[in-house]
Each structure stands twice: as C-alpha cells, then as structure tokens.
Amino acid sequence: MTPCIITVAMTGSVPRKKDTPAVPVTVAEQIESTHEAFEAGASLAHIHVRDDQENSSSDPERFAAVQAGIQKHCPGMIVQFSTGARGRQLSERGGMLHLRPDMASLATGSVNFPTFVNENPPDFIKGLAQTMLDHDVKPECEIFDLAMLYNAADLVREGLLKSPPHVQFVLGIKNALPARREILEFEVAQLKTILPAATWTAAGLGRHQLEVNHWALEMGGHCRTGLEDNIRFDQTRLAKSNAELVKRLADLCGSYGRRPATAVEARRILGLRAA
C-alpha cells in the first residue's frame, strides 16, 4: 500500500474559541492537539501561533515552544512553520526560521483573498526562500493559482529551491483556485511536466476538505486536514478535535490502496534530514 503523508493544520489564523472550542490556540493546547493527531496518523504538523488575544503571531518564542513540545511528544514528526500573511507584517514572517524547523510554507505569489490581499512580492519570496535555504528548511510551495506553480519552477531553476520541491495545491478559497476535480488534475499534470520529480499535497478549504482528500488519495498525492481549514466534521456538527479529522482521513486511506505514512517514511518521501 502506498504511504500518504497526512498533514494536520491544527490552528491557522482564522478560527477562534468562539467558533469552536476545539481549536488549540495556546502553546500547551497546540502540543496536546498535535500529539493526539500524531497518534491518529498525522506525520506532518503545520504550525501557526497566536498571541494572548488569539490573533496571529510571529513570536519566535511561541514557535520554539510548540516545536520543542512536538519533538518531545511526537517522535520524528515533521514540523512545518507557517510564514503566511494573514495578520502578520512582511518583516516578521520569516523571523522564526532560525529555529530550523524541518519545513516552512512559502507562497510563491500574491492572491486576493475575500477580505485581504495575501501579499507576497517577488523580492520577498526570493528573500524568504534564501533564508530557508540558509537554515536547511525545506519549503512547501503554496499554490493558489497557476502562476504560482510556474514561479516555484523558476525558483528551482534559480537555485533558491532545492530539487525536488514539494508543493501544496490549495483549493476552495474565493478568488483563488476553485475546488474542482478537473482543476486539480490540470495542476498536477502541469506539475509533472515542469517539475516531474516534485511531490505534492492538496488542501481543501471548508466543506471541500473531505472531497479534496478523496481526490488526492486517488490521484497519488498527499493530504491535509485540520481545524485551520475546516471546523466541521460534517453538515450536522463541529469536529471534536484535530485528531477526529485525522482519524477519518487515516481510515479513508485504505479505500484507495493507501495507508498513513509513518514519520520516518514521510521524511524519506520529502527528502528531509533524520529526526
């Protein structure tokens, strides 16, 4: 059975306790939630941190504390920091990369989200990529439209991304890639043409999360789930935890001849250093 790397996006920058009590916003909550998700089958943790008012934060100390807790309680799990734009200044977004997480997100272009511009100017992208290269942090290229995929290929050619790269197709955000199967198929076909050695995962936002999981499993990609992207389990109720969403996905893998990758397998697939 082919392993599938399950990413748990546990917190994000949008959901708050008033939206769902399950979202972990303190350092202790994030470590506990990640541990539960790890035991349920996740091998990669995508990390945002919040301040005391639940707002997005770039505080290196909080990133360091979450990273240390995951390394202690989730042996070998891949730690991936977010450098995302929501609620954070450009100058702050790479300020924790000196902590040398295994990976970090790297949006390779700007896109209009419903309420703000996800701003990633060309010089900023290159600077962030260089910082990741300097600290041996593997980027996950966040693809919100076709141009971003070609931008990622340019970064590989320029030596700012090591080959093979890893990309994530994000579907279901208004003004960006719609959650349509034929669009994911087209994007993956383009990836195989311009970056044939690349690995990929797909994330579906909101009600699209589970259907995108199905598509990625069938198409041979990797998967992402978690309360950052979707706070509901189904139309009838909120998800109880990140672990509940991870377990559902882990159980789904077998229907497609897949199984959740172990942390060791996930590191090998992505070409990461040993834990």
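Relevant structure appears above.
Definitions and cut-offs
Residues numbered from 1 in each chain as written. Predicted model: local features only at pLDDT ≥ 70, side-chain atom pairs only at ≥ 80, totals over all residues. Heavy atoms only, no water. Phe/Tyr/Trp six-rings, centres within 6.5 Å; stacked < 30°, edge-to-face > 60°. Buried < 20%, exposed > 50% of the residue type's maximum accessible area, 1.4 Å probe, protein only. Lys NZ or Arg CZ within 6 Å of the ring centre and 35° of its normal. Salt bridge = Lys/Arg side-chain N within 4 Å of Asp/Glu carboxyl O. Helix = DSSP H or I, 4+ residues; strand = E, 2+ residues; numbered from the N terminus. Pairing = 2+ DSSP bridges. Axes fitted to C-alpha atoms, helices over the stretch in contact; angles between N-to-C directions. Contact = heavy atoms within 4.5 Å. Patch = residues over 30% accessible without salt bridge, like charges linked within 9 Å, V, L, I, M, F, W, Y side chains within 5 Å. Areas by Shrake-Rupley, 256 points an atom, 1.4 Å probe, with all protein chains shown as cover. Right-handed = clockwise from strand over helix to strand, strands pointing away.

S.K.: Outline the packing of aromatic side chains, supporting the account with residue identities and numerical values.
M.R.: Across all of its chains, the model carries four aromatic pairs by this definition. For the pair Phe113 and Phe116, a centre-to-centre distance of 5.3 Å together with 80° between the ring planes defines the contact as edge-to-face. Among the residues examined, Phe113 registers a relative accessible area of 10% and is labelled buried. Here the aromatic residues Phe113, Phe116 and Phe144 are joined through ring pairs into a cluster of three or more. The ring of Phe233 is capped by Arg237, whose NZ or CZ atom sits 4.3 Å from the centre of that ring. For Arg248, the ring lying beneath its charged end belongs to Phe233, and the centroid distance is 4.2 Å.

S.K.: Pulling in residues and values, what's your account of the pattern of salt bridges?
M.R.: Applying the stated criterion across every chain, the model contains 18 salt bridges. Of the charged contacts in the structure, one is a salt bridge between Arg100 and Asp136, with a shortest N-O distance of 3.6 Å. Of this pair, Arg100 sits in the loop between strand S6 (78-81) and strand S7 (103-107) while Asp136 sits in the loop between helix H3 (122-134) and strand S10 (138-143), placing them 36 residues apart in sequence. Across the salt bridge formed by Glu244 and Arg237, the nearest N and O atoms sit 2.6 Å from each other. With relative accessibility at 17%, the residue Glu244 sits in the buried group. Take Arg237: its relative accessible area is 26%, and that puts it in the partly exposed class.

S.K.: Summarise the sheet that holds strand S2 (residues 6-9); cite the residues concerned and give the values.
M.R.: If you walk around this closed barrel you meet the eight strands as S2-S3-S6-S7-S10-S11-S12-S13, and the pairing is parallel. Direction aside, the axes of adjacent strands within the sheet are offset by 25° on average. Sitting on the sheet, helix H5 (residues 181-194) touches S10, strand S11 (166-171) and strand S12 (199-204), and the angle it makes with S11 is about 160°. Against the sheet, helix H7 (residues 242-253) makes contact with S2 and strand S13 (222-225), and its axis sits at roughly 160° relative to S2, the strand it touches most.

S.K.: I'd like a rundown of a nonpolar patch on the surface, residues and numbers included.
M.R.: Nonpolar side chains collect at one region of the surface, where Leu146, Tyr150 and Phe186 lie side by side and expose about 250 Å² of accessible area between them. By the element assignment, Phe186 lies in helix H5.

S.K.: Let's hear about the pairing of S10: which residues, and what values?
M.R.: The buried fraction of S10 is high, at six of six residues. Going residue by residue along S10, you find Lys138, Glu140 and Glu142 tucked away on one face and Pro139, Cys141 and Ile143 tucked away on the opposite face as well. Pairing geometry for S7 and S10, over five bridges, is parallel. Bridging from a neighbouring strand, Ala104 pairs with Pro139 of S10. In this sheet, S11 lies alongside S10 in parallel orientation, the contact comprising four bridges. The partner of Cys141 across the bridge, within S11, is Val167. Handedness of the crossover is the feature at issue here: the chain leaves S10, passes through helix H4 (residues 146-157), returns alongside S11, and the resulting connection is right-handed.

Any functional reading would require information that these geometric values do not contain.
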